[in-house]
Amino acid sequence: MYEVKLASFEGPLDLLLHLIQKYEIDIYDISMKVLTEQYINYIKNVDDLDINQHGDYLVMASELLRIKSKTLLPDTNVDESEIIEDPREDLMRQLLEYQNYRLYADILKTKKESHEKYFVKRSNDLSHFENAKQTPLHIELTDLITAYQKAKQRRKKIASESVSVARDTYSMEEAIETVTHALSQKKKITFDDFVSFSETKTQIVTLFLAILELMKNNKINVYQYSDFSEIHIERGKNYVE
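Residues numbered from 1 in each chain as written. Predicted model: local features only at pLDDT ≥ 70, side-chain atom pairs only at ≥ 80, totals over all residues. Heavy atoms only, no water.

Caption draft 1: Fine view of helix H3 (residues 55–72). For H3, spanning 18 residues, the distance from its first C-alpha to its last is 26 Å, which sits close to the expected 26 Å at 1.5 Å a residue. Close packing links the buried residues of H3 with helix H1 (12–22), helix H2 (32–44) and helix H4 (89–115). (Helix = DSSP H or I, 4+ residues; strand = E, 2+ residues; numbered from the N terminus. Expected span 1.5 Å × (residues − 1). Contact = heavy atoms within 4.5 Å.)

Caption draft 2: Looking closely at H2. Over its 13 residues, H2 runs 18 Å from end to end, which matches the ideal 18 Å to within 8%, given 1.5 Å per residue. When H2 is considered as a whole, its buried residues turn out to be Met32, Leu35, Thr36, Tyr39 and Ile43. Mapping the buried residues of H2 onto a view down its axis gives an arc of 95°, with all of them on the same face. Opposite the buried face of H2, by more than 90 degrees, sit the exposed residues Lys33 and Lys44. If you follow the buried residues of H2, they end up packed against H1, H3 and H4. (Buried < 20%, exposed > 50% of the residue type's maximum accessible area, 1.4 Å probe, protein only. Arc of directions from axis to C-beta.)

Caption draft 3: Just the environment of Asn238, in detail. In this structure, Asn238 sits in the segment after strand E4 (232–235). Linking Asn238 and Leu214, residues 24 residues apart in sequence, is a C-alpha distance of 9.3 Å. Other than its neighbours up to four places away in sequence, Asn238 contacts Asn217, Asn218 and Lys219. A polar side-chain atom of Asn238 sits 3.1 Å from the main-chain carbonyl oxygen of Asn217. (Polar contact = N/O pair within 3.5 Å; in protein donor to acceptor, adjacent residues only side chain to side chain.)

Caption draft 4: Fine view of the packing of helix H6 (residues 172–185) against helix H7 (residues 201–216). Contact geometry for H6 and H7: axes closest at 8 Å, N-to-C directions at 70°. As summarised for this structure, H6 and H7 are arranged roughly perpendicular, according to the angle between their axes. In the packing of H6 onto H7, the handedness of the crossing is right-handed. Where H6 approaches H7, its residues Met172, Ala175, Ile176, Val179 and Thr180 are matched on the opposing element by Thr206, Leu207, Leu209, Ala210, Ile211, Glu213 and Leu214. (Axes fitted to C-alpha atoms, helices over the stretch in contact; angles between N-to-C directions. Parallel < 35°, antiparallel > 145°, perpendicular 65-115°, else oblique. Left-handed = near helix turned anticlockwise from the far one by under 90°.)

Caption draft 5: The pattern of salt bridges, seen in detail. Across all of its chains, the model carries 9 salt bridges by this definition. Arg66 is paired through a salt bridge with Glu63; the nearest N and O atoms lie 2.7 Å apart. Residue Arg66 and its partner Glu63 are located together in helix H3, separated by 3 residues, close to a single helical turn. Of the residues examined, Glu63 reaches a relative accessible area of 28% and is grouped as partly exposed. The partner of Lys216 in a salt bridge is Glu213, with the nearest N and O atoms 3.6 Å apart. Taken together, the positions of Lys216 and Glu213, both in helix H7 and 3 residues apart, correspond to about one turn of that helix. Looking at Lys216, the relative accessible area reads 59%, which means it is exposed. A relative accessible area of 30% means that Glu213 is categorised as partly exposed. Three or more residues are tied together by salt bridges with common partners; here these are Asp29, Asp86 and Arg88. (Salt bridge = Lys/Arg side-chain N within 4 Å of Asp/Glu carboxyl O.)

Following this line, the structure appears as structure tokens:
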């Protein structure tokens, strides 16, 4: 829509509101004499007033003159028992509605300017991962440490409130024997197959060290099918029963 701006005003209602505020005119009891005179004076002082572009302003000027004349010259044909409608009422309604629209527009503009200060990252398209083929992942030391931390947390939840103090004699050789014995029964096992999480902290640490030792000597292979999934252990090329 093509919008015409007269100076800094966006239409005749905008100019009327400016004059009402400037001359402190009560919008609920408009002084048509003051408002009409100031409006027409403003229109007269516009040098580049074009009737083709600023026709709305001239239409409003004629409307103001009509309302002013009706307030000065009441209709003599109206019965005294009838309630005479105030000729300013329609103008007042338009001004109040426009004033509300402009208020809401200012609020939305403020919100827009505030929103423009933030940058929102668009979500990534991860649909190509949904049907992606699962392949074994190489396990790093950090993955084992993460699993160890999870094991400690799970053990804390099921540990009894009573505390017993005893010397832990679980050795590296015993831990290696635990892993190799489990693999002698199955070619492939998971970490949870031989860990019940009722072991002591020292036993779990020793067990992880045993896994690292067996990995270093290529006696076992450790991998995951996806991030944070179960840890799988299988026989390596140097595995001996």
